[in-house]
Amino acid sequence: MSRMVKKRARLLRVRHVQHVLAVAETSKARDEAMNIENNVQRLSTMRSELFSGDGVKNGAILASQRELAARLEQAGRQLDGALYDAKRRIEQKEALAIAADREREIAERLKDKARRAAEERIEARLAALPLYKRMQMKGKGDA
């Protein structure tokens, strides 16, 4: 393999690894967003279940339930902000993954182009040899 083909192959391997890392980071960001969404749902479920119990309640219990409900609501609002940030990170990571994939495809095309050029150079050299040398070269390749 020619030096240029080797360089292009190395570049392609690097671009492939970059793409795989970008996809992994995107997946990780999606998992984080999903965890935050699950926490938001759990908080809303806890808040709705807080006042679902029937029975006689005194003022102290009612006050503590209202305070807990207010804290759960505040935590839910904070998680909404975190969820918004997580979704923005997902968009950024997806953009990076797309760019890495594009770079990988470009590197693949460059490697193929370098390989074709190397093969054409070899063919041109063989064509430039006298006929008897070509016959000898073909004979060596068949053995």
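Up top you'll find the structure we're talking about.
Residues numbered from 1 in each chain as written. Predicted model: local features only at pLDDT ≥ 70, side-chain atom pairs only at ≥ 80, totals over all residues. Heavy atoms only, no water.

**Side note on a positive patch on the surface**
In step 1: The grouping of Arg3, Lys7, Arg10 and Arg13 at the surface amounts to a positive patch.
In step 2: Relative to the helices and strands, Arg13 resides in helix α1 (residues 3-50).
In step 3: Exposure remark for Arg13: the relative accessible area of 51% places this residue in the exposed category. (Patch = residues over 30% accessible without salt bridge, like charges linked within 9 Å, V, L, I, M, F, W, Y side chains within 5 Å. Areas by Shrake-Rupley, 256 points an atom, 1.4 Å probe, with all protein chains shown as cover. Salt bridge = Lys/Arg side-chain N within 4 Å of Asp/Glu carboxyl O. Lys, Arg positive; Asp, Glu negative; His and termini not counted. Charge placed at Lys NZ, Arg CZ, Asp CG, Glu CD. Helix = DSSP H or I, 4+ residues; strand = E, 2+ residues; numbered from the N terminus. Buried < 20%, exposed > 50% of the residue type's maximum accessible area, 1.4 Å probe, protein only.)

**Things to note about the pattern of salt bridges**
In step 1: Applying the stated criterion to the full structure yields 10 salt bridges.
In step 2: Linking Arg89 and Glu32 is a salt bridge whose minimum nitrogen-to-oxygen distance equals 4.0 Å. In this pair, Arg89 sits in helix α2 (residues 59-128) while Glu32 sits in helix α1, placing the two residues 57 residues apart along the sequence.
In step 3: You can call Arg89 partly exposed: its relative accessible area is 35%.
In step 4: The salt bridge partner of Asp101 is Arg104, with a shortest N-O separation of 2.6 Å. You can see Asp101 and its partner Arg104 sitting in helix α2, three residues apart, about one turn around the helix.
In step 5: Looking at Asp101, the relative accessible area reads 22%, which means it is partly exposed.
In step 6: With a relative accessible area of 19%, Arg104 lands in the buried category.
In step 7: Three or more residues are tied together by salt bridges with common partners; here these are Arg47, Glu73 and Arg77.

**Side note on the nonpolar core**
In step 1: Formed by Ala29, Ala33, Ile36, Leu43, Leu72, Leu79, Leu83, Ala86 and Ile90, the largest nonpolar core amounts to nine residues.
In step 2: Listed by contribution, the elements that provide at least two residues to this core are α1 and α2.
In step 3: Considering each element in turn, this core owes the most residues, five residues, to α2.
In step 4: What Leu72 contacts, discounting residues up to four positions off in sequence, is Leu43, Met46 and Arg47. (Core = buried A, V, L, I, M, F, W, Y, C linked by side-chain atoms within 4.5 Å. Contact = heavy atoms within 4.5 Å.)

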